[in-house]
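An overview of the molecular structure
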Amino acid sequence: MSVTNFCKLDTALNLLRKLPRVTLSNIKDNPGSKKKPKRGRAQHGGDKHGAGNKGSGQRQNYMRLGYETGNNPFYLRFQMEPYYKGHHLRRQYPPLSLLQLQKLIDTSRLPVDKPIDLTAICNTGLYVCKPDKHHFGINLTDEGADLFQAKINIEVQWASEQVIAAVERNGGVITTAYYDPQSLWAAVNPRRFFMKGVPIPKRMIPPQDAIDYYTNPANRGYLADPEKVSWERLVLSQKYGYKLPEIEKDPQYRMLCERKDPLQVFFGLEPGWVVNLHDRKILKPCDEEVKAFYNPQ
Amino acid sequence: MLQTLLRVGRQLTTAVPYYASAAPTLLQCSKVFPGTCHNSMKFGSLCSTIAKQHNSLLFQPTNVPLCEPPTRTVTKFSLQKGKRKTVKAVVKRFFRLHWGGWIRTVAGRHKKMWKKSAKRRHRLKQHLLCNSTQSYLLDKMVTKFWRTPKYYVEDPYEPYHTREEHPIARRKPA
């Protein structure tokens, strides 16, 4: 290499040292790497350029959606109807059929010897509840009620009369319980909630328009009087014509009697506790004021 | 003089709450009557006469859009986030079933009832299904929010959301 070449290299390197760092904002494509699209002008190259022949297609001034060139448009032709009135306030309960529930049990995705709640069903990964989409939990529907044979203690958020009858006919127990959105976030994905390292919230009471449902023993509401619930069990068995199995004599009586406290979100965990997944520890509040907040007597 | 001025001032301030400030209104006055001065009595008296005669002149600043004009076209890119927007007129008139069909009411269902037969009046009360082309159009005019199923309990449209009873349209078993 000659001396002049060295000099050139040296000056180039010196220049490079003084120049700012190469960043996304000051780099340029290699010369010739980008090829601009050509608009052909020859016999076939300069034809229609994909815009079609004549009319608004060629001029590429497409009409707006629904416009009918002066007609009364179809989408404005009819009177208004309050189909979606108050949709932003209405609670949604994504359905889960009894057939699906039976399938989950048969495929060992749900344990029968433990109470089943929203958390257990969400953990199967086959049921999705999205609190941000105004979902408020499970609506257990009666599809496959005749095939349902499991004896379970289940807690759902909404259940019809047929569903209650189908569960109780097999000696099972069903409760309908309300979860406010904050508790629901914790209940649908406990792992994500525990990772946040915040105390387990206490479950709020249902809103005004749901309180009737959840205090009604006929709906097996979690706020209903247990005495009245057992009476309604008998009434329903007579209505649907099955013999009510005596759960008092059942070997799984303790499991069937297990219920959550109205303030409780998870079985075995109380509101106010913090679950540390990393150290596998549960932290319980000691302060009297905090205790009183989470467990008002 | 002072009293008239004060009165005018009060009128102006009462007019203000609808708009951002009193400044454009005053400016407009001076534009309309370039010879007038703010402090002179002339201005005050003129202003009050104008206020009496053409209330709207004082109240409405021209060339300044107060709110967005109503549009029924679909917004493909919103100003703030560049998102698509729903045509609200569609959601107010149509209802989407889970399987993708849209239902609507009948045009003229409350008009000239006296000359319509009982049978026809009954038909007017029904809700109708839109055809495939119309449903496709309506699907494009609303956002994903309206196309996702809504799981309400005690929903009167619940039996119509699936078509399991029709052998061709059924989805289950898959």
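Under an unreviewed UniProt entry, chain B has the name Large ribosomal subunit protein bL35m and belongs to Gryllus longicercus. Per UniProt, chain B carries the Sequence similarities (unreviewed entry) text "Belongs to the bacterial ribosomal protein bL35 family." Per its UniProt entry, chain B bears the Subcellular location (unreviewed entry) comment "Mitochondrion".

Per an unreviewed UniProt entry, chain A carries the name Large ribosomal subunit protein uL15m and comes from Gryllus longicercus. A UniProt comment under Sequence similarities (unreviewed entry) is attached to chain A, and it reads "Belongs to the universal ribosomal protein uL15 family."

This paragraph deals with the overall build of chain B. The secondary structure content of chain B amounts to eight helices and three strands. Listed N to C, the secondary structure of chain B is α-α-α-α-α-β-β-α-β-α-α in terms of helices and strands. Residues counted as buried form 30% of the 174 residues belonging to chain B. For chain B, the accessible area works out to roughly 12,800 Å², and carbon and sulfur atoms hold 58% of it.

Attention now moves to the pairing of strand β5 (residues 173-176) of chain A. All names here are of chain A. The alternating pattern of β5 places V173 and T175 on one face and I174 and T176 on the opposite face, and all of these are buried. Bridging between strand β3 (residues 153-156) and β5 involves four bridges; their strand directions are parallel. By the bridge assignment, I154 is partnered in β5 with I174.

Accessible area lost during the coming together of the parts is what is often quoted as the interface size. Facing the 24 residues of chain A at the interface are 38 residues of chain B. Surface buried jointly by chain A and chain B totals about 3,100 Å² across both partners, of which 65% is contributed by carbon and sulfur atoms. On the surface where chain A and chain B come into contact, there are two salt bridges. When the shortest N-O distance is used, the salt bridge between K172 of chain B and E143 of chain A registers 3.4 Å. For the pair chain A and chain B, the number of links is 10 residue pairs in polar contact (both at pLDDT 80 or more). Class assignment of the residues belonging to the side of chain A that touches chain B gives a composition of 12 nonpolar, six polar and six charged.

As a further point, take the environment of T75 of chain B. Residue and element names in this part refer to chain B. Checked against the element boundaries, T75 lands in the loop between α4 (55-59) and α5 (88-93). Residue classification places T75 among the partly exposed residues on the basis of a relative accessible area of 27%. Considered as a pair, T75 and R104 are 29 residues apart in the sequence and their alpha carbons are 23 Å apart. Among all residues touching T75, those that are not within four sequence positions of it are K83, R84 and K85.

Each value, and the rule that gives it
- Residues numbered from 1 in each chain as written.
- Chains lettered and ligands numbered in written order.
- Predicted model: local features only at pLDDT ≥ 70, side-chain atom pairs only at ≥ 80, totals over all residues.
- Heavy atoms only, no water.
- UniProt positions renumbered as here; feature names shortened; annotations may be inferred.
- Helix = DSSP H or I, 4+ residues; strand = E, 2+ residues; numbered from the N terminus.
- Buried < 20%, exposed > 50% of the residue type's maximum accessible area, 1.4 Å probe, protein only.
- Areas by Shrake-Rupley, 256 points an atom, 1.4 Å probe, with all protein chains shown as cover.
- Pairing = 2+ DSSP bridges.
- Contact = heavy atoms within 4.5 Å.
- Buried area = accessible area lost by both parts, 1.4 Å probe.
- Salt bridge = Lys/Arg side-chain N within 4 Å of Asp/Glu carboxyl O.
- Polar contact = N/O pair within 3.5 Å; in protein donor to acceptor, adjacent residues only side chain to side chain.
- Nonpolar A, V, L, I, M, F, W, Y, C, P; charged D, E, K, R; others polar.

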